[in-house]
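Secondary and tertiary structure notes
Now for the letters of each chain:
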Amino acid sequence: MPDIVVFDYGSGNVRSAQRALETTGAHVTITSDFDAALAADGLFVPGVGAFGACAQQLRSVRGDQIIERRLAGGRPVMGICVGMQVFFDSGTEHGTLVPGINQWPGQVVELKADVLPHMGWNTVTAAQKSAMFQGISDERFYFVHSFAVTQWELDVSGAFTPPLVTWSHYGQDFVAAVENGPLWATQFHPEKSGDAGLQLLANWVAYVESVK
Amino acid sequence: MSLAVRVIPCLDVDNGRVVKGVNFVNLRDAGDPVELALAYGQAGADELVYLDITASSGNRETTYDMVRRTADQLFIPLTVGGGVRAVDDVDRLLRAGADKVGINTAGLSNPDLITQAARKFGNQCIVLSVDVRRADTESGFEATTHGGRQSSGRDALEWITEAVERGAGEVLLNSMDADGTKNGYDLDLIHVVRERVGVPVIASGGAGKLEDFAPALSAGADAVLAASVFHFGELTIRDVKSELKRSGFTVRD
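Not measured: the values here are computed from a predicted model.

Each value, and the rule that gives it
Residues numbered from 1 in each chain as written. Chains lettered and ligands numbered in written order. Predicted model: local features only at pLDDT ≥ 70, side-chain atom pairs only at ≥ 80, totals over all residues. Helix = DSSP H or I, 4+ residues; strand = E, 2+ residues; numbered from the N terminus. Rg over C-alpha atoms; globule rule 2.2 N^0.38 Å. Contact = placed C-beta atoms within 7 Å. Core = buried A, V, L, I, M, F, W, Y, C linked by C-beta atoms within 7 Å. Buried ≥ 20, exposed ≤ 12 C-beta atoms within 10 Å, placed from the backbone. Arc of directions from axis to C-beta. Pairing = 2+ DSSP bridges. Axes fitted to C-alpha atoms, helices over the stretch in contact; angles between N-to-C directions.

**Notes on the overall build of chain A**
Each helix and strand counted, chain A has six helices and 13 strands in total. For chain A, whose C-alpha radius of gyration is 16 Å, the value lies close to the compact-globule estimate of 17 Å for 212 residues. Along the three orthogonal principal directions, the C-alpha set of chain A runs to about 45 × 40 × 40 Å. Counting only contacts in chain A whose residues sit at least 6 apart along the sequence, the fraction spanning at least 24 positions is 68%.

In structure tokens form, the structure reads like this:
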């Protein structure tokens, strides 16, 4: 089974991510060590709190470089919640734009809804032929966030495989998950989404194993 | 496609043991919060709340250990409240595996704790836990401290508004008047809080029968919490969800 690093670059509950990934049989380490994060078969990037602080903390341990190098080599990276949001080029915070690590074009904006954060179990419309959602249907996932990407902007053509985008709805449509080559991400928390979440993580670990 | 309302069991824990008798069948150790938590997870709970009522602050390690053991096996959101006095307490609970941390009495005496914790960890993991009773204040409700035994001298609505402005991402709204009565949630209280704040509200206190849950959601709550009716097996989570579904609410099956 593959070696997974849960990237530990800030505060919050990284333990649940580790334990949930371990249920798949993977060997999981929590660390922010540059070499370990680069060498792992799969890099899992959690993230909580504000977009700007999260992106800044990620850069402070050179997480942006690690992710860049891994993706250049086709090595799997998966971002969760704000750990997904920071993959986009910018986020809005108190009305100003803050830079992300720019793997995907697009802006993270505050959802338009009566009650925020969007907190609880919601459904998703999984992308066709998704590997991430294989074996999972009609399940709910646990979300907790106020900001999201409401417009998918990456347009690929020619020889590139188009990214698979999964949507959800709260007040408006927003991106719930993306599979784009070695870069996967979810806005929801698979490590907190019960059996459906564990199945999704098992799907990712199987993908990591397949490209090891 | 829409967000499901949440049904949340709450466990009162003292020194790592569940207090208030628990009458669950098929438990090896009914006093072990971890075993009970896993049973609730299997039973369809959408989240779980631990309320740590351990009097001595010297026994926090027991609490962290309990949170760790729970988070190792339970993959639904876990909120832990009780005895949280400093930003460092929040950090340690999150690191042990809590997803959200409830701040109650310490927030009233030191509101800056909410600001600091929300800034450091994000609004989404800071829950304002507030014990409210009817009183002669502006809104007709006051915030109490020490599990409802003392008046804080503050109007409940004013305090909840301030705490949300300071960064609390959710309100666990416990009615001390309804708590333990099993006569239903305090719907007036839920309604006035819903009108005032734009964060999720968890209704707590008073659930006694199946028909009690839907009115709390109609009054504006996003989630319903109960303790004893679940612990004693009077109602199951699935019963409650079926009833809510019949009433037109979206639930997670």
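**Topic: the nonpolar core**
Core analysis: the biggest nonpolar cluster contains 151 residues, and B:Val101, B:Leu128, B:Ile160, B:Val171, B:Leu173 and B:Val224 have the highest contact counts within it. With eight residues, the top contributor of residues to this core is helix H6 (residues 194–210) of chain A. Those residues in contact with B:Val224 that lie beyond four places of it in its chain are B:Val7, B:Ile8, B:Ala203, B:Ala207, B:Phe213, B:Ala216 and B:Leu217.

**Let's talk about helix H7 (residues 187–196) of chain B**
Of the positions making up H7(B), those classed as buried are B:Leu189, B:Ile190 and B:Val193. End-on, the buried residues of H7(B) take up no more than an arc of 95 degrees, which puts them together on one face.

**Here we look at the sheet that holds strand S10 (residues 147–149) of chain A**
Residue and element names in this part refer to chain A. The strand order across the open sheet formed by four strands is S6-S5-S7-S10, and the pairing between neighbours is mixed. The open sheet terminates on both sides in strands that have one partner only, identified here as strand S6 (96–99) and S10. Each adjacent strand pair in this sheet contributes to an overall mean axis angle of 30 degrees, direction not counted. Direction of pairing for strand S5 (residues 88–93) relative to strand S7 (residues 104–110): parallel, over a ladder of three bridges.

This is a description of form; function is not addressed.
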